[in-house]
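# Observations on chain architecture
Okay, here's what each chain looks like letter by letter:
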Amino acid sequence: MKRKCEVCGVTYEAKHPRAKYCTTRCRVRNSRGAAKPSTDKNPLVAAITRELEAAGKLDTMLGQTALALGARMSGTDTGAGVASLARELRSVMVAAVGSSPSAGSSAGRDDGVDELRARRDKKRAG
Ligand SMILES: [Zn+2]
């Protein structure tokens, strides 16, 4: 059946009669804004929160996504659902805390210095 996503407004083919969102992303986005899951008593979410805090990433989009995924995992009974959520959560956490060798290089970039240098060179040339 055709449904209109409550978050982004896209029309999509709903697999479940109770589905409200086109994708997991939209569902997560909505849960961030509207119904906040109670995360305090959840050990998984607590652990995620600690890791994100240690990395200083708690307030980032990825950090909040990881928290939402953790909350979802704790409320999911089916093994398949948990497995795919766990996979998604792990990749989000890697991206958020930068523990992957390929993901962590953006923090120490000195683009500003390069730009200054380029500007100075331009001035000298002109
Ligand atoms: Zn959507």
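It should be emphasised that the depicted structure is a prediction, and the values quoted were computed from it without experimental measurement.

## Remarks on the layout of surface pockets
A volume near 460 Å³ is recorded for the largest pocket. Around the largest pocket, the lining residues are Y12, E13, K15, H16, R18, A19, K20, Y21, C22, T23, T24 and R27. Only β2 (11–13) and α1 (24–33) provide two or more residues apiece to the lining of the largest pocket. Here the lining of the largest pocket is composed, by residue class, of four nonpolar, three polar and five charged.

## Quick look at the nonpolar core
In this structure, I48, L52, A66, L67, L69, L89 and M93 are the most contacted members of the largest nonpolar core, which totals 14 residues. Of all elements in the fold, only α2 (43–55), α3 (61–74) and α4 (79–97) reach the threshold of two or more residues within this core. Sequence-distant contacts of A66, defined by excluding residues within four places in its chain, comprise I48, L52, L89, V92 and M93. Residues C5, Y12, A19 and Y21 belong to the second largest nonpolar core, which totals six residues.

## Let's talk about the coordination of the zinc ion
The coordination sphere of the zinc ion, as far as protein atoms go, consists of C5 (SG), C8 (SG), C22 (SG) and C26 (SG), spread over 2.3 Å. Note that the zinc ion binds four donor atoms; their angles at the metal cover 106 to 116°, and the shape is tetrahedral. Counting gaps between the donor residues of the zinc ion yields the pattern C-x2-C-x13-C-x3-C.

## So, the environment of C26
Mapped onto the elements of the fold, C26 is located in helix α1. Relative accessible area serves as the criterion here: at 4%, C26 is assigned to the buried category. C26 sits 21 residues away from C5 along the chain, and the two C-alpha atoms are 8.0 Å apart. Once you skip the residues sitting within four places of it in the chain, C26 turns out to touch C5, V7, C8 and Y21.

## Regarding the packing of α2 against α3
Put simply, α2 and α3 touch, their axes get as near as 8 Å, and they point 165° apart. As the angle between them shows, α2 and α3 are arranged roughly antiparallel. The way α2 lies across α3 gives a crossing that is right-handed. Only G63, A66, L67, G70, A71, M73 and S74 of α3 make contact with α2, whose side of the interface consists of L44, V45, I48, T49 and L52.

## Some points on α3
The terminal C-alpha atoms of α3 lie 20 Å apart, and with 14 residues this matches the ideal 20 Å at 1.5 Å per residue to within 8%. Where α3 is concerned, the buried positions are G63, T65, A66, L67, A68, L69, G70, A71 and M73.

## Structural notes on the pattern of salt bridges
Enumeration over the complete set of coordinates arrives at one salt bridge. Between E13 and K2 there is a salt bridge, with its nearest N and O atoms 3.7 Å apart. Taken together, the positions of E13 in strand β2 and K2 in strand β1 (residues 2–4) put the pair eleven residues apart, joining distant regions of the chain.

Procedures and definitions
Residues numbered from 1 in each chain as written. Predicted model: local features only at pLDDT ≥ 70, side-chain atom pairs only at ≥ 80, totals over all residues. Heavy atoms only, no water. 1 Å grid on protein atoms, 1.4 Å probe; cavity = no way out; pocket = protein on both sides within 12 Å on 5 of 7 lines; lining within 4 Å. Points joined across faces, edges and corners; volume = space filled by probe spheres on them. Helix = DSSP H or I, 4+ residues; strand = E, 2+ residues; numbered from the N terminus. Nonpolar A, V, L, I, M, F, W, Y, C, P; charged D, E, K, R; others polar. Core = buried A, V, L, I, M, F, W, Y, C linked by side-chain atoms within 4.5 Å. Buried < 20%, exposed > 50% of the residue type's maximum accessible area, 1.4 Å probe, protein only. Contact = heavy atoms within 4.5 Å. Donors = N, O, S within 2.8 Å, 3.2 Å for Na, K, Ca; no water. Tetrahedral: all angles 85-135°; square planar, octahedral: opposite > 155°, others 65-115°. Axes fitted to C-alpha atoms, helices over the stretch in contact; angles between N-to-C directions. Parallel < 35°, antiparallel > 145°, perpendicular 65-115°, else oblique. Left-handed = near helix turned anticlockwise from the far one by under 90°. Expected span 1.5 Å × (residues − 1). Salt bridge = Lys/Arg side-chain N within 4 Å of Asp/Glu carboxyl O.

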